Structure formats: structure tokens, C-alpha cells
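Notes for the structure review
Chain by chain, the residues run as shown.
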Amino acid sequence: MNPSDGAEFRRALGHYPTGVCVVTAGAGIAMVVGTFTSVSLDPPLVGFLPDRASTSWPRIRETGRFCTNVLAAGQEELCRDFVRKAPDRFAVHGLPGPAPYGPRLSGTVLRVGCDIEAVQPAGDHELVLGRVRVLEVDPAAGEPMVFLRGRYAAAAVPA
């Protein structure tokens, strides 16, 4: 395979599962990402990689903070609503209450509120490092959603 061929590169790396998250900020700003990761324990940092062509990323960056909502298995409809920028997506899927880092979404496995610590160029993407300020885990949400070989699935976790 030729790693310089974008389609081949994507197809090959599609054999590695990624989580599915919605990064939110401000009032009504959101983007779906599959590149969220833990970066550091001390200080607590996470990262994600938005595409430089994204229209949502510059708006998130302007706020200086974000909330990453890690989707649960079975939240494909929520994901699709945010991918297609459905006008009522926050009303349908948002949680009530204060959201200092960005809107919190219902039924998600994990919500991580962050201040933007640093942004580095990374090819046709940028690497965003966020300093974690708030963690909300919802054990009742079940297993996280993953994206593998072009499809959504549940992460298989042994009992």
C-alpha cells in the first residue's frame, strides 16, 4: 500500500478502532471527532486533532475551552445529528444545567471539560491539547462507541 495515497491510508488505518466523540464549546458549536486521547497525567491533558478545513474548529478555538462528550454504543443517531448539523441537535441531545466548557450531551459515557493549553500544526490537521478541569463519568451509559472499518460498533469489554 502507498501511504501517500489518502484513500489507501484511510482504508488501512480503518482497521484500528477509534472512539467517537462530540467536542462542544460556547453556545451551539460542535464537531464530531475520532481522534480524542489521553496525553498526560501530570498535568492532566487530553488531545484531539481537528481538520484544518473544519468550519467548527476555529469557533471552538476562539472560546479557549471545550467539552469532549464520549459517545456510548447505540448513539449513532446523536452522532449523525451532529455530523449533519441538525438545527435542533442541542435541544434534542443536550443536558440541562450549566456548561462552562461547552454543552454536555445526554447518554454519553464520559464528559471532559478543558481549557485549551496548546495548538500545534499536524499536517492537514492541528493537534489540540486541553488541560482537564472537569470529568463526568456516567457508568449507566454502558460501553463506548467505536468506529471500525467504516462502521459504528460497541467496544467489546470482557466482564
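Look above for the structure.
A brief report on the enclosed structure follows. Remember, it's a predicted structure, so these values are computed and weren't measured experimentally.

Parameters and conventions
- Residues numbered from 1 in each chain as written.
- Predicted model: local features only at pLDDT ≥ 70, side-chain atom pairs only at ≥ 80, totals over all residues.
- Heavy atoms only, no water.
- Helix = DSSP H or I, 4+ residues; strand = E, 2+ residues; numbered from the N terminus.
- Core = buried A, V, L, I, M, F, W, Y, C linked by side-chain atoms within 4.5 Å.
- Buried < 20%, exposed > 50% of the residue type's maximum accessible area, 1.4 Å probe, protein only.
- Contact = heavy atoms within 4.5 Å.
- Pairing = 2+ DSSP bridges.
- Axes fitted to C-alpha atoms, helices over the stretch in contact; angles between N-to-C directions.
- Arc of directions from axis to C-beta.
- Salt bridge = Lys/Arg side-chain N within 4 Å of Asp/Glu carboxyl O.

Moving on: the environment of leucine 148. Position of leucine 148 relative to the elements: it lies in strand S9 (residues 145-148). The spatial distance from the C-alpha of leucine 148 to the C-alpha of glycine 19 is 9.1 Å, given a sequence separation of 129 residues.

The tendency in soluble globular proteins is for nonpolar side chains to be buried as a group. Grouped together as the largest cluster of nonpolar side chains are 20 residues, with contacts concentrated most on Val23, Met31, Phe48, Trp57, Ile60 and Phe66. When residues of this core are traced back to their parent elements, those giving at least two are strand S2 (21-25), strand S3 (29-33), strand S5 (45-48), helix H2 (57-63), strand S6 (65-70), strand S7 (110-122) and strand S8 (125-137). Aside from chain neighbours lying at most four places away, what touches methionine 31 is Cys21, Val22, Val23, Phe48, Pro50, Ser54, Ser56, Trp57 and Ile60. If you look at the next biggest cluster of nonpolar residues, it comprises 10 residues, including Val20, Leu78, Phe82 and Met145.

Take the sheet that holds S7 next. The 7 strands lie next to each other as S3-S2-S6-S7-S8-S5-S4, forming an open sheet whose pairing is antiparallel. Across the chains shown, the open sheet's two edge strands, defined by having one partner strand only, are S3 and strand S4 (37-40). Looking at each pair of strands side by side, their axes are set apart by 35° on average, direction ignored. Relative to S7, S6 runs antiparallel, the two being bridged by 6 bridges. Residue pairing for S7: arginine 65 is matched across the bridge by aspartate 115.

Right, let's get into unusual backbone geometry. It is generally the case that most residues other than glycine have a negative phi and that most peptide bonds are trans. Cis rather than trans, the peptide bond between aspartate 42 and proline 43 has omega equal to 5°. With respect to the helices, strands and loops of the structure, proline 43 is situated in the loop between S4 and S5.

It is worth spelling out helix H3 (residues 76-83) at this point. Inspection of H3 places Leu78, Cys79, Asp81 and Phe82 among the buried residues, and these make up the whole buried set. Taken down its axis, H3 places every buried residue within 160° of arc, on the same side. Residues of H3 that are exposed and point more than 90 degrees away from the buried face comprise Glu77 and Val83. The inward-facing, buried residues of H3 contact S2, S3, helix H4 (89-93) and strand S10 (151-154).

Now for the sheet that holds S10. Spatially, S1-S9-S10 is the arrangement adopted by the 3 strands of the open sheet, whose pairing is antiparallel. The open sheet is flanked by strand S1 (18-19) and S10, the only strands paired with a single partner. Pairing geometry for S9 and S10, over 4 bridges, is antiparallel. The residue bridging methionine 145 from the neighbouring strand is alanine 154, located in S10.

Counted according to the given criterion, the structure contains 7 salt bridges. A salt bridge links arginine 65 to aspartate 115; the nearest nitrogen and oxygen atoms lie 3.2 Å apart. Linking arginine 65 in strand S6 with aspartate 115 in strand S7, this pair joins segments that are 50 residues apart in sequence. The salt bridge partner of glutamate 117 is arginine 131, with a shortest N-O separation of 3.0 Å. Of this pair, glutamate 117 sits in strand S7 while arginine 131 sits in strand S8, placing them 14 residues apart in sequence. Looking at arginine 131, the relative accessible area reads 22%, which means it is partly exposed. Three or more residues are tied together by salt bridges with common partners; here these are Arg65, Asp115 and Arg133.

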